[in-house]
Amino acid sequence: MLRYAHLTLLVLYPIAWFAPLMRAGLLPMFGLSEISVISGLQSLWGSDVFLALLVTIFALFAPYLKTIGLALLHWGLLSPRTLPVLHILGKLAMADIFLIALYITLTKGIGIGRIEVAWGLYLFTFCILASLLFSFLSERDLKQSKAALQD
């Protein structure tokens, strides 16, 4: 059951990347622009390539590689010894959620612009938290099966 639930993340992550994370505008009287992970990355690549590369690693590659790695682990196509690497990838993905929360907090604190959190932020956060839960459960299952083999 865990391995099938984990496979849903391979579909949900790309949806979360294109879903609106927030709506932002300069002043309350003007319309709000929707910002997604992909649209944010597109604007970053034009202005700050180094930051765009970091966000691409944190938002796209780290969570998706971890998801693929755990899926391969569940289906017996990857060694359980790779779990520490998958944990590191999961921590990198959580750094992205922290950055988004920090940007929202800073922008709201300044009071110049207006930001509304959109459903994509919740979906993206859910994907990362579900991935962390799945890796915890996978590690627990591996330890239990390893202990059963030793008995």
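Use the structure listed above.
Cut-offs used in this document
Residues numbered from 1 in each chain as written. Predicted model: local features only at pLDDT ≥ 70, side-chain atom pairs only at ≥ 80, totals over all residues. Heavy atoms only, no water. Helix = DSSP H or I, 4+ residues; strand = E, 2+ residues; numbered from the N terminus. Buried < 20%, exposed > 50% of the residue type's maximum accessible area, 1.4 Å probe, protein only. Contact = heavy atoms within 4.5 Å. Areas by Shrake-Rupley, 256 points an atom, 1.4 Å probe, with all protein chains shown as cover. Arc of directions from axis to C-beta. Pairing = 2+ DSSP bridges. Phe/Tyr/Trp six-rings, centres within 6.5 Å; stacked < 30°, edge-to-face > 60°. Lys NZ or Arg CZ within 6 Å of the ring centre and 35° of its normal.

### Section: the overall build of the protein
Part 1 of the argument: Broken down by element type, the protein carries 6 helices and 3 strands.
Part 2 of the argument: Written out in order from the N terminus, the α and β elements of the protein read α-α-β-β-α-α-α-β-α.
Part 3 of the argument: Residues counted as buried form 36% of the 151 residues belonging to the protein.
Part 4 of the argument: Taking as baseline every contact in the protein between residues at least 6 positions apart, the subset at least 24 positions apart corresponds to 67%.
Part 5 of the argument: Working note: accessible area of the protein is about 9,000 Å², and carbon and sulfur atoms make up 73% of it.

### Topic: the side chain of S131
Part 1 of the argument: The residue S131 is located in helix α6 (residues 119-150) in this model.
Part 2 of the argument: What makes S131 buried here is its relative accessible area of 2%.
Part 3 of the argument: The contact partners of S131, leaving out residues within four places of it in the chain, are L9, Y13, K66, T67 and L70.

### Observations concerning helix α2 (residues 9-18)
Think of an α-helix as 3.6 residues a turn; residues three or four steps apart then line up on the same face.
Part 1 of the argument: Looking only at α2, the buried set comprises L9, Y13, A16 and W17. Buried residues of α2 fall within an arc of 100° about the axis and therefore sit on the same side. In α2, the exposed positions angled more than 90 degrees off the buried face are occupied by V11 and F18.
Part 2 of the argument: Taken together, the buried residues of α2 touch α1 (2-7), β2 (33-36), α3 (37-47), α4 (49-74) and α6.

### Things to note about the pairing of strand β1 (residues 20-25)
Part 1 of the argument: With 4 bridges connecting them, β1 and β2 associate as antiparallel partners. Counted as the bridge partner of R23 is E34 from β2.
Part 2 of the argument: The pairing of β1 with strand β3 (residues 114-117) spans 4 bridges and is classified as antiparallel. Paired with R23 across the strands is E116, a residue of β3.

### A look at the packing of aromatic side chains
Part 1 of the argument: Inspection of the entire model under this criterion finds 5 aromatic pairs.
Part 2 of the argument: On the numbers, 6.3 Å between centres and 75° between planes, the contact of Y13 with Y64 is edge-to-face. Separated by 51 residues along the polypeptide, Y13 in helix α2 and Y64 in helix α4 bring together distant segments of the chain.
Part 3 of the argument: A relative accessible area of 23% means that Y64 is categorised as partly exposed.
Part 4 of the argument: Taking 6.5 Å as the distance between ring centres and 75° as the angle between the ring planes, the aromatic pair formed by Y13 and F124 counts as edge-to-face. One end of the pair, Y13, is in helix α2; the other, F124, is in helix α6, with 111 residues separating them in the sequence.
Part 5 of the argument: The ring of W75 carries R3 above its face, with NZ or CZ at 4.0 Å from the centroid.

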